[in-house]
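Structure assessment
What follows is each chain in one-letter form.
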Amino acid sequence: MAAPAPAPAPPDREEIVFLDVETTTPPRRVLLEFGAVVVCSRRLVDVSSYATLVRPADLDAVPDPTARCNGITRDTVVAAPPFRDVADNVYDSLHGRVWAGHNIVDFDSVIIRDAFAEIGRPPPEPKGMVDTLPLLTHWFGPRAGDMKLASLANYFGLGKQRHRSLDDVKMNIDVVKNCATVLFLEECLRGVVPTPQNMLADATIRTQGTSDPATNRDYNELVGSHVEEMMIDTTKQMDARSSGGSSGFVELDDVSTESIEIKVVVLHRSRLRRIFHHKGAQLQLSCPGLEVRWVSTQFQPNLSIVVDIPDNLSKVLEFCDNLAQSESPEARSNSTWKPIIKRYGNATTRPTVRLKIAMTIVNGNTAMYSTQICQKDCNGVIPKLASRKVDAAELESLQGNKVDAFFSLEIYDYKAKAGIRLVAKRLDVHFLRDQA
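The shown structure was predicted, so the numbers you read here are calculated from the model rather than taken from an experiment.

Conventions adopted
Residues numbered from 1 in each chain as written. Predicted model: local features only at pLDDT ≥ 70, side-chain atom pairs only at ≥ 80, totals over all residues. Heavy atoms only, no water. Helix = DSSP H or I, 4+ residues; strand = E, 2+ residues; numbered from the N terminus. Buried < 20%, exposed > 50% of the residue type's maximum accessible area, 1.4 Å probe, protein only. Areas by Shrake-Rupley, 256 points an atom, 1.4 Å probe, with all protein chains shown as cover. Expected span 1.5 Å × (residues − 1). Bend = angle between axes of the 7 residues up to and from the residue. Polar contact = N/O pair within 3.5 Å; in protein donor to acceptor, adjacent residues only side chain to side chain. Arc of directions from axis to C-beta. Pairing = 2+ DSSP bridges. Axes fitted to C-alpha atoms, helices over the stretch in contact; angles between N-to-C directions. Contact = heavy atoms within 4.5 Å. Core = buried A, V, L, I, M, F, W, Y, C linked by side-chain atoms within 4.5 Å. Salt bridge = Lys/Arg side-chain N within 4 Å of Asp/Glu carboxyl O. 1 Å grid on protein atoms, 1.4 Å probe; cavity = no way out; pocket = protein on both sides within 12 Å on 5 of 7 lines; lining within 4 Å. Points joined across faces, edges and corners; volume = space filled by probe spheres on them. Nonpolar A, V, L, I, M, F, W, Y, C, P; charged D, E, K, R; others polar. Patch = residues over 30% accessible without salt bridge, like charges linked within 9 Å, V, L, I, M, F, W, Y side chains within 5 Å. Lys, Arg positive; Asp, Glu negative; His and termini not counted. Charge placed at Lys NZ, Arg CZ, Asp CG, Glu CD. Phe/Tyr/Trp six-rings, centres within 6.5 Å; stacked < 30°, edge-to-face > 60°.

Across its full length, the protein chain holds eleven helices and 19 strands. The buried share among the 436 residues of the protein chain stands at 46%. Of the accessible surface of the protein chain, which amounts to about 21700 Å², a share of 50% is contributed by carbon and sulfur atoms.

Here we come to helix α3 (residues 104-118). Helix length check: α3 (15 residues) gives 19 Å between terminal C-alpha atoms against 21 Å at 1.5 Å per residue, within 8%. The largest bend along α3 reaches roughly 25° and is located at V110. Buried within α3 we find I104, V105, D108, S109, I111, I112, R113, A115 and F116. At the C-terminal side of α3, G120 shows a positive phi close to 70°.

Following the sequence through the fold, T24 ends up in the loop between β1 (16-23) and β2 (31-39). At 2.9 Å, the side chain of T24 and the backbone nitrogen of V30 are in polar contact.

If you check which residues of helix α4 (residues 132-139) are buried, you get T132, L135 and L136. Viewed along the axis of α4, the buried residues span an arc of 90°, placing them on a single side of the element. At the N-terminal end of α4, a side-chain oxygen is found 3.1 Å from the backbone nitrogen of L133, two or three residues along, and the residue is D131.

With that out of the way, let us pick up the sheet that holds β1. Read from one edge of the open sheet, five strands run β3-β2-β1-β4-β5, paired in mixed fashion. The strands lining the two open edges of the sheet, one partner per strand, are β3 (46-53) and β5 (128-131). Between one strand and the next, the sheet's axes are offset by a mean angle of 20°, whatever the strand orientation. Relative to β3, β2 is paired through seven bridges, and the arrangement is antiparallel. Opposite E33, over in β3, you have L53 as the bridge partner. Against the sheet, helix α2 (residues 83-94) contacts β1, β2, β3 and β4 (98-101), and its axis sits at roughly 160° relative to β3. Along the sheet, α4 makes contact with β4 and β5, crossing β5 at roughly 55°.

Moving on to the nonpolar core. Among the nonpolar cores identified, the biggest contains 44 residues, and F276, L285, L317, I420 and L427 are the most heavily contacted of them. Secondary-structure elements contributing two or more residues to this core are β7 (260-266), β10 (284-296), β11 (304-308), α10 (311-327), β13 (352-357), α11 (392-396), β18 (402-414) and β19 (417-429). Excluding its chain neighbours within four sequence positions, the residues that come into contact with L285 are F249, V250, L252, V255, L313, V316, L317, A405, F406, F407 and L409. Ranked by size, the runner-up nonpolar core spans 24 residues in total, among them V54, F83, V90 and W99.

Let us look at the pattern of salt bridges. Across all of its chains, the model carries nine salt bridges by this definition. In this structure, R121 and D88 form a salt bridge, with 2.8 Å as the shortest nitrogen-oxygen distance. With R121 in the loop between α3 and β5 and D88 in helix α2, this pair connects stretches of sequence that are 33 residues apart.

This paragraph deals with the layout of surface pockets. Each pocket or cavity is described by its volume, and for the second largest pocket that value is around 480 Å³. Considering the residues around the second largest pocket, the lining is formed by 21 residues, among which D20, H102, F107, Q161 and H163 are closest to the centre. Those elements giving two or more residues to the lining of the second largest pocket turn out to be β1, α3, α5 (149-155) and α6 (165-189). When residues of the lining of the second largest pocket are assigned to their parent elements, the largest contribution, five residues, is made by β1. Within the lining of the second largest pocket, the residues separate by chemical class into eight nonpolar, six polar and seven charged.

The grouping of K338, K342, R354 and K417 at the surface amounts to a positive patch. Along the polypeptide, R354 turns up in strand β13.

Our focus in this paragraph is the packing of aromatic side chains. What the rule picks out here adds up to five aromatic pairs. With a centroid separation of 5.0 Å and an interplanar angle of 85°, the aromatic rings of F83 and F116 are classed as edge-to-face. With F83 in helix α2 and F116 in helix α3, this residue pair connects regions lying 33 residues apart in the sequence. For F83, a relative accessible area of 9% gives the class buried. Through a chain of ring-to-ring contacts, three or more aromatic side chains come together here, namely F83, Y91 and F116.

Attention shifts here to the environment of Y50. Its place among the elements puts Y50 in strand β3. It is 9.5 Å that separates the C-alpha atoms of Y50 and L19, two residues lying 31 residues apart in sequence. Among the polar contacts made by the side chain of Y50, one reaches the side chain of N89 at a distance of 3.4 Å.

When you line up the elements, K425 lands in strand β19. Here the alpha-carbon distance between K425 and L355, two residues 70 residues apart in the chain, equals 9.6 Å.

This brings us to the pairing of β1. Most of β1 sits inside the fold, with eight of its eight residues counted as buried. Here β1 shows a buried face lined by I16, F18, D20 and E22 and a second buried face lined by V17, L19, V21 and T23. Sheet analysis places β1 next to β2, joined by eight bridges and oriented antiparallel. Considered in β2, the bridge of L19 is made with A36.

As a further point, take unusual backbone geometry. Within the chain, L44 stands out as a residue other than glycine whose phi angle is a positive 55°. Position of L44 relative to the elements: it lies in the loop between β2 and β3. Under the relative-accessibility criterion, L44 is labelled buried at 0%. At H163, a residue that is not glycine, the phi angle is positive and equals roughly 60°. The residue H163 is located in the loop between α5 and α6 in this model.

Here it is in structure tokens:
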């Protein structure tokens, strides 16, 4: 059967859609129910909702009711519509919006894509994803145990999880609100209270304009600030089968320097971050065929590679460097501004940049790397995941090879040095020379 045609470009939709699916038990996951609640991204109030049972093509795939805790039986779905009949409603609920949910990256989004593939239709595409399982584990865990939705709901006294789509979606939203409130109160007890000036630092991120009472407005805007942080710090995680991991990254030929600007967003503990934006979205770049000049591992746990760059990337980065120096307070501090581009040797050598391997320090001393290293096959066509765990030995093997790089730009001011660092989100390694 021919592959379905690509989905049309997502519309510009600002709402967030929280979603959940119910399925049969492994080994074969068959969609039985879909539920979604669309919320205002600034106030987390419900805009609309949609839920439907789905009759699978093979009713024998639905097990005995004792095998499922959601109570969905063959009798429950026998009169339900097949997915083909509700696909338009599911598509309209999801396409072009930010998707949010508990474990949606590895589970719900995969089930949805498979359901559309089975009927030969392109799946809906998200503007971004907010997976509350890893997110709340990072910011809130482990005080709620295993951080499953049922555990979080029990922690906040929200009742027992029913394992029905729409009920679980509403429970997920309530969990997010409760977690945000607790985090806010903890900061207040530490004497760090978000000010209206910081909350309104960027009108595109924080706007007033609600008729709710003041108390509700403050609460909703608090939740909104945490959601914005989720969207900023969560990579736009698309299904690798359809996007190849490059969604959200701009190719150099599509970059217009006139559309690049710096915006201010409010992060956790009222910290401000200045982020490069391009045409309304965070600027992240992709550039193919960069030769790795050398690998830096001597300052572990910090790892990085130095690559030669083409003229078109050099022009974009020079523009960003000049823009940051003219508009950022980091450039006006007492710190020394470090140019993003360097030339080694004489002036005729190719410009180079350093790509930092993304890293987080856990428990004070353990380094966790999140940059994905992928290796292309001998034809240079199909990328395959080589490793999710970066180490120094693996990185050193890249020297002298070429990589397709997907990276973000971050403005920093640290230990009397300021500038822009390039953080590698993914590196696609060309066929290694010693394997040719």
